[in-house]
2 protein chains.
Amino acid sequence: MVTTQDSAMDWSDPEYREAVIDLLGAMAYGELQAFERLANDGALAPDFYNRTAIAEMATAEFRHFKMLRDRLIEMGADPEVAMTPFVEPIDAFHASTRPADWLEGLVKAYVGDGIAMDFYRVVAEHLDPQTRDLINEVSADLGHSKFVVDAVQYCVAEDPRVAGRLALWGRRLMGEAVAQSQRVAAQRESLLDLVLGGIGADMAAITRMFADLTEAHTARMRSLGLEP
Amino acid sequence: MVTTQDSAMDWSDPEYREAVIDLLGAMAYGELQAFERLANDGALAPDFYNRTAIAEMATAEFRHFKMLRDRLIEMGADPEVAMTPFVEPIDAFHASTRPADWLEGLVKAYVGDGIAMDFYRVVAEHLDPQTRDLINEVSADLGHSKFVVDAVQYCVAEDPRVAGRLALWGRRLMGEAVAQSQRVAAQRESLLDLVLGGIGADMAAITRMFADLTEAHTARMRSLGLEP
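Quantities reported herein were computed from a predicted structural model and do not represent experimental measurements.

Chemist: Would you take a moment to explain the overall build of chain A for this structure?
Modeler: Of the regular secondary structure elements, chain A holds nine helices and zero strands. Ordering the α and β elements of chain A from the N terminus gives α-α-α-α-α-α-α-α-α. Taking 2.2 N^0.38 as the reference for a compact globule, 228 residues should give roughly 17 Å; the C-alpha atoms of chain A span a radius of gyration of 18 Å, in line with that estimate. When the 228 residues of chain A are sorted by exposure, 54% land in the buried category.

Chemist: Before we go on, may I ask you to explain the confidence of the model for chain A in this structure?
Modeler: Taken over all residues, the pLDDT of chain A has a mean of 87, while the share at 70 or more is 92%. In the model, residues 1-8 of chain A has pLDDT below 50 throughout and makes 16 contacts with residues more than four positions away in sequence or in other chains.

Chemist: Is there a simple way to think about the packing of aromatic side chains in this case?
Modeler: To describe a pair of aromatic rings, you give the distance between the ring centres and the angle between the ring planes. Within this structure, the stated rule accounts for nine aromatic pairs over all chains. Plain terms: the ring middles of Phe35(A) and Phe35(B) are 6.2 Å apart, the flat faces sit at 75 degrees to each other, and that makes the pair edge-to-face. Of this pair, Phe35(A) sits in helix α1 (residues 14-41) while Phe35(B) sits in helix α1 (residues 14-41), placing the two residues on different chains. In this structure Phe35(A) comes out as buried when scored by relative accessible area, which is 0%. Three or more aromatic residues link up through ring pairs in this structure, and these residues are Phe35(A), Phe62(A), Phe65(A), Phe35(B), Phe62(B) and Phe65(B).

Chemist: Is there a simple way to explain the pattern of salt bridges in this structure?
Modeler: A side chain of one charge can pair with a side chain of the opposite charge if their charged atoms are brought near each other. Residue and element names in this part refer to chain A. Under the definition given, this model contains 28 salt bridges over all chains. Between Arg 165 and Glu 104 there is a salt bridge, with the nearest N and O atoms lying 3.0 Å from each other. Taken as a pair, Arg 165 in helix α7 (residues 161-187) and Glu 104 in helix α4 (residues 102-124) lie far apart in primary sequence, 61 residues in all. Classification of Arg 165 as partly exposed rests on a relative accessible area of 34%. It is possible to trace a salt-bridge network through shared partners that takes in Asp 101, Glu 104 and Arg 165.

Chemist: Whenever I open this one, the interface of chain A and chain B confuses me. Can you help?
Modeler: One widely used convention gives an interface's size as the accessible area the parts lose upon coming together. Listed by partner, the interface residues are 26 residues for chain A and 26 residues for chain B. Interface area, chain A with chain B, both sides summed: about 2000 Å², of which 62% is carbon and sulfur. As a salt-bridge pair, Glu56(B) and Lys66(A) come within 2.9 Å of each other at their nearest N and O atoms. Remark: the boundary between chain A and chain B carries six residue pairs in polar contact (both at pLDDT 80 or more). Taken together, the elements giving at least two residues each to the side of chain A that touches chain B come down to α1, α2 (48-74) and α3 (79-96) of chain A. Of the residues assigned to the side of chain A that touches chain B, the class counts are 13 nonpolar, six polar and seven charged.

Chemist: Is there a simple way to explain the environment of Trp11(B) in this structure?
Modeler: Residues and elements named next belong to chain B. By secondary structure assignment, the location of Trp 11 is in the segment before α1. Residues Trp 11 and Asp 128, 117 residues apart in the sequence, show an inter-C-alpha distance of 8.8 Å. Residues within four places of Trp 11 in sequence aside, it is in contact with Tyr 16, Arg 17, Val 20, Arg 71, Met 75, Asp 128 and Thr 131.

Chemist: Just checking my understanding: could you explain the relation of the copies chain A and chain B for this structure?
Modeler: A rotation about an axis combined with a shift along that same axis relates the two copies of the chain. By a simple turn and slide, chain A fits onto chain B: the slide is 0.0 Å along the axis, the RMSD is 0.0 Å, and the turn is 180 degrees. The transformation relating the two chain copies, once decomposed into turn and shift, fits a two-fold axis.

Chemist: Would you mind going over the side chain of Glu36(A) with me for this structure?
Modeler: Along the polypeptide, Glu36(A) turns up in helix α1. Judged by its relative accessible area of 7%, Glu36(A) is buried. Those residues in contact with Glu36(A) that sit more than four places away from it in its chain are Ala39(B), Gly42(B), Ala43(B) and Arg51(B).

Chemist: So what exactly am I meant to see when it comes to helix α9 (residues 203-223) of chain B here?
Modeler: Each α-helix turn comprises 3.6 residues. Residues three or four places apart therefore point the same way. All names here are of chain B. The terminal C-alpha atoms of α9 lie 30 Å apart, and with 21 residues this matches the ideal 30 Å at 1.5 Å per residue to within 8%. All of the buried residues in α9 are Ala 205, Ile 206, Met 209, Leu 213, His 217, Arg 220 and Met 221. Seen from one end, α9 has its buried residues packed into an arc of 155 degrees, which puts them on one side. When the buried face of α9 is taken as reference, the exposed residues oriented beyond 90 degrees from it are Met 203, Arg 208, Glu 215 and Arg 222. One or two steps after α9, the chain reaches Gly 225, where phi turns positive at roughly 85 degrees.

Chemist: Is there a simple way to explain the environment of Pro46(B) in this structure?
Modeler: Note that Pro46(B) resides in the loop between α1 and α2 (48-74). The spacing of Pro46(B) and Pro89(B) is 43 residues in sequence and 31 Å in space, taken between C-alpha atoms.

Chemist: Can you walk me through the packing of α1(A) against helix α5 (residues 129-139) of chain A in this structure?
Modeler: For any two helices packed against each other, the geometry is given by the interaxial angle and the distance between the axes. Residue and element names in this part refer to chain A. Between α1 and α5, whose axes approach to 12 Å, the crossing angle comes to 15 degrees. With respect to α5, the axis of α1 lies roughly parallel. For the element pair α1 and α5, the recorded crossing hand is left-handed. Here Val 20, Leu 23, Leu 24, Met 27 and Glu 31 of α1 lie close against α5, whose contacting residues are Thr 131, Leu 134, Ile 135, Val 138 and Ser 139. Here the residues of the contact of α1 with α5 sort into seven nonpolar, two polar and one charged.

Chemist: Explain α4(A) here, please?
Modeler: Residue and element names in this part refer to chain A. Between its first and last C-alpha, α4 extends 32 Å over 23 residues, near the 33 Å set by a 1.5 Å rise per residue. Taken across its 23 residues, α4 has 20 buried, putting it largely inside the fold. The N-capping residue of α4, defined by a side-chain oxygen 3.3 Å from the backbone nitrogen of Leu 103, is Asp 101.

The rules we used
- The residue numbers shown here count from 1 along each chain, following its written sequence.
- To label them, take the chains in the order written and letter them from A, then take the ligands in the order written and number them from 1.
- Only residues with pLDDT of at least 70 get local features here, since the model is predicted, and only at 80 or more are side-chain atom pairs given and counted; chain-wide, interface and lining totals rely on the full set of residues.
- The basis for the side-chain values is all heavy atoms of the structure; hydrogens and waters are excluded.
- A run of H or I in DSSP counts as a helix once it spans at least four residues, and a run of E counts as a strand once it spans at least two, with each numbered from the N terminus.
- Both definitions apply: the radius of gyration is a C-alpha atom measure, and the globule rule equals 2.2 Å times residues to the power 0.38.
- Using a 1.4 Å probe on the protein chains alone, a residue whose accessible area is under 20% of its type maximum counts as buried, one over 50% counts as exposed, and one in between counts as partly exposed.
- What pLDDT conveys is the predictor's confidence in a given residue, as a value from 0 to 100.
- For this analysis, residues touch if any pair of their heavy atoms sits within 4.5 Å.
- Each Phe, Tyr or Trp ring, with Trp reduced to its six-membered ring, pairs with another whose centre is within 6.5 Å; inter-plane angles below 30 degrees give stacked pairs, above 60 give edge-to-face pairs, and intermediate values give tilted ones.
- By definition here, a salt bridge exists when the distance from a side-chain nitrogen of Lys or Arg to a carboxyl oxygen of Asp or Glu is within 4 Å.
- Simply put, the buried area is the total loss of 1.4 Å probe accessible area from both parts when two parts are fitted together.
- In protein, a polar contact requires one atom able to donate a hydrogen and another able to accept it; more generally it is a pair of N or O atoms within 3.5 Å, and residues adjacent in sequence count only if both atoms are side-chain atoms.
- Only Asp, Glu, Lys and Arg are considered charged, only Ala, Val, Leu, Ile, Met, Phe, Trp, Tyr, Cys and Pro nonpolar, and every remaining residue, Gly among them, polar.
- The fit set for superposing copies consists of C-alpha atoms from residues with pLDDT of at least 70 in both; the fit itself is least squares.
- Expected span, for any helix, means 1.5 Å times one less than how many residues it has.
- The arc under discussion is defined with respect to the helix axis, by the directions toward the C-beta atoms.
- The angle between two axes is taken between their N-to-C directions and runs from 0 to 180 degrees, where each axis is a line fitted to C-alpha atoms and a helix contributes only its stretch in contact.
- In what follows, roughly perpendicular refers to angles from 65 to 115 degrees, roughly parallel to angles under 35, roughly antiparallel to angles over 145, and oblique to any angle outside these ranges.
- Crossing handedness: left-handed means the near helix sits turned counterclockwise from the far one by under a right angle, and right-handed means the same turn made clockwise.

So, in structure tokens, the structure goes:
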């Protein structure tokens, strides 16, 4: 078990290195998938303004992917090998949350990526400074998603029935994200240890982490004008 | 009729300005569509190397789109208005040339974009320096497509039956490109005048332009190891 005190930042511990590679591999594949998915959502956009904005978000995800991939290479890891264990759960998440229309796509981009980034930031807090800085840079909101908030708020105000449907959609996204994370946790022991080691590995700390993630999700849904 | 001698580079001629806006609008929409299409093709890639390479090509197209859009704004034009007339023919081209698999997608990216870029470069030769430089920059091969040549050559060598299918595919791409260009030419008079004015507007010049474009297409097919 990797713990904060003795080895969480110790590169000579092969388990720590392996866990960081897992974490960066999961993030890298998530970004690559997000790039393709967002670029594809452009076809659903109601106008060129939105179509361009979502493309801008997509290219930001690809830039993040390259940063993570390059870091894996720097660490002497094979990015393809590092990403492979996460292909199936991340693809499964996307397959079970295919947006039916443009608005669902926007909410997914904003809420889904938000959940993932919050989680990565929490984990990063307890890692070595280099990994932490990289994860924080990748997780930083580049401001591209402001257009999502504006667009969803506008549509909800125009047609209040939309709000109910999108609120349910937000809950489904959260539920599917939790389900797939549990699958990953069950399969990637060293990654789980890294996460648990980082936050303290006691039940209170785990509960607190989930409470924090849920609270951030709630705030995001509210900022869209949706009941969490 | 815009002619090279008197007005092809004369911004005070509203017809010249209108035609350049048309040209940049067509290119901009083509790049935006190419971005979405290539990003989407990533899902068909056989491995991460190819998946990343096609994503890299896609983001280059989006960068080109932004250059063209920003130039339209600089010119005082509305990019959305400038692109709109070309949405239907460009979408129709893509709808009629949907790749059935990864290899067809690669050939389309390489051969289809090649035809378009050659055409734009020929037209650009006779335009004002600022427009010409922008078009040449956007049309420049960034080297991202070298991986296409390698990948197609490799597959053709592995399975020679693939070569016949892809050769037919290349011809269909050329045929559809010509068909949609004719549609645009019939609808956008000032753009047609710009093209014809630039190359001299006589039958010999038009024939020569088509011969040049066909020759470049032939060379591209050969470089892929395909019978043109």
